[in-house]
Amino acid sequence: MYPIRRNRRLRTNEAIRGLVRETTISPNDFLVPLFVVEGTGVKEEIASMPNYYRYSLDLLENEVKTLWDLGLRSVLLFVKVPDNLKDNKGTEALNPDGLMQRAIKTVKNTCPDMLVMTDVALDPFSSYGHDGIIADGKIINDETVNVLAEMSVSHAKAGADFVAPSDMMDGRILGIREGLDQHGFIDTGIMSYSAKYASAFYGPFRDALDSAPADIKDIPKDKKTYQMDFANRMEAIKETEMDIDEGADIVMVKPGLCYLDIVRDIKNVVDVPIAVYQVSGEYAMLKAAAEKGWLDHDAVMLEQITAIKRAGADLIASYFAKDVMKLLF
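Note on numbering: residues in each chain are counted from 1, in written sequence order. Local features in a predicted model are, by the rule used here, given only for residues with pLDDT of at least 70; side-chain atom pairs are given and counted only at 80 or more, and totals for whole chains, interfaces and linings are based on all residues. Calculated side-chain values reflect all of the structure's heavy atoms, with hydrogen atoms and water omitted.

Examining the nonpolar core
Generally speaking, soluble globular proteins have nonpolar side chains that are buried together. Residues enter a nonpolar core if they are buried and are Ala, Val, Leu, Ile, Met, Phe, Trp, Tyr or Cys, with the set joined through side-chain atoms within 4.5 Å. We call a residue buried when its accessible area falls under 20% of the maximum for its residue type, exposed when it is over 50%, and partly exposed in between, using a 1.4 Å probe and counting protein chains only. With 104 residues, the main nonpolar core has F35, L60, V75, L77, M191, I266 and Y277 as its most contacted residues. Secondary structure counts use DSSP, requiring at least four H or I residues in a row for a helix and at least two E residues in a row for a strand, with both numbered from the N terminus. Examining the composition of this core, we find that seven residues originate from one element, helix 4 (residues 141-158), more than from any other. Throughout, a contact is declared for two residues whenever any of their heavy atoms are within 4.5 Å. Every residue in contact with F35, bar those within four places of it in the chain, is listed here: I46, M49, Y52, Y53, R54, Y55, F78, F205, A208, L209 and Y319.

Spelled out as structure tokens, the structure:
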């Protein structure tokens, strides 16, 4: 008790604070999202995500090498598909020579030991901007799951280590696991977006991939019939446990900062690694505030990343990964 025990002794200087720090950040904490486009020599800054870019395959090679040199060992691939290749069934997603399949091969050829995870959802390939096939004005679940399973097999054939279904269709983890196993890809992992909320924080990401839901009569204007209601808590545990039962190797909570209570709830009840996606809106808000001089960019960035890990994240998908590495290592 005070005055015999003085807690401030363990805060006296940075050396002692570092020794007793409960949560530390390392390169192994990060999964780096990468946006890929067609073309040559393309490095396009995303207007709503300052200092973050879309890369053509030739420049993707350079970016992957840079990440590897910084100590970052895992990437999550997304593709921006030309409008003329989009339809309601995600046909282009199954093209063995499609942009995603070529992107996987590019990363693996550049850095064979880089862990490659791939986005599995129909919205980048959909003429309607939705994660599933639409019929009679509704997102059709089971037909969509069949396509997602085929897409996952296609990614595995191209060399993906993990597929990352982000669609939130019911039963898609089981469908994907069965599809992978039936084609001999028993070692290909699944990182499921298990607790993905219908969030307003995704706007800049949809700008990056041109994947926002289309404003068309009789077509859903948002993704609330399949992404989770952000008011719900227990539902996240149910969704996550079901995904694990269906074969998910890693589960994800998305977005990050506003959902750290969900991260901790899930951490307390599951025995698989938990990923958190620090999403584009979180990135854009800090960039904008720092540009205005309202916040210290680096200090807030590290505080946010630490908070996500402290809440229970085993890995963090973050657009800040390179910034953190340059700052700390």
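Concerning the packing of helix 2 (residues 57-69) against helix 3 (residues 99-110)
When two helices pack together, you describe them by how their axes are tilted relative to each other and by the distance separating the axes. Axis lines are fitted to C-alpha atoms, over the contacting stretch for helices. Their N-to-C directions set the angle, which ranges from 0 to 180 degrees. Orientation of helix 2 relative to helix 3, taken along the N-to-C sense of each, is 40°, at an axis distance of 9 Å. Accordingly, the angle class assigned to the pair helix 2 and helix 3 is oblique. Seen from above, helix 2 lies across helix 3 with right-handed handedness. Every residue of helix 3 that contacts helix 2 at L57, L60, E61, V64 and K65 is listed here: L99, R102, A103, T106, V107 and T110. For the contact of helix 2 with helix 3, the residue count by class is six nonpolar, two polar and three charged. Orientation is classified from the angle alone, with under 35 degrees giving roughly parallel, over 145 giving roughly antiparallel, 65 to 115 giving roughly perpendicular, and any other angle giving oblique. A crossing counts as left-handed when the near helix is turned anticlockwise from the far one by less than a right angle, and as right-handed when that turn is clockwise. Each residue is assigned to one of three groups, with Ala, Val, Leu, Ile, Met, Phe, Trp, Tyr, Cys and Pro labelled nonpolar, Asp, Glu, Lys and Arg labelled charged, and all others, Gly among them, labelled polar.

A short note on the packing of aromatic side chains
A pair of Phe, Tyr and Trp rings is counted when the ring centres sit within 6.5 Å of each other, with Trp represented by its six-membered ring. The angle between the planes then sorts it: under 30 degrees is stacked, over 60 is edge-to-face, the rest tilted. In total, this model carries 14 aromatic pairs according to the counting rule given. Ring centres 5.7 Å apart and planes at 45° place the aromatic pair F35 and F78 in the tilted group. In this pair, F35 is assigned in strand 1 (residues 30-36) and F78 in strand 4 (residues 74-79), connecting sequence segments 43 residues apart. Here F35 falls in the buried class, since its relative accessible area comes to 1%. Geometrically, the ring pair formed by Y277 and Y319 is tilted, given 5.9 Å between the ring centres and 50° between the ring planes.

Description of unusual backbone geometry
For the bond running from Y2 to P3, omega is 10°, close enough to zero to count as cis. Its location among the elements puts P3 in the segment before helix 1 (14-20). The omega torsion across K254 and P255 is 0°, close enough to zero to call that bond cis. Phi is positive for N51, which is not a glycine, with a value near 70°. On the secondary structure map, N51 appears in strand 3 (residues 49-55). Despite not being glycine, D136 shows a phi value in the positive range, around 55°.

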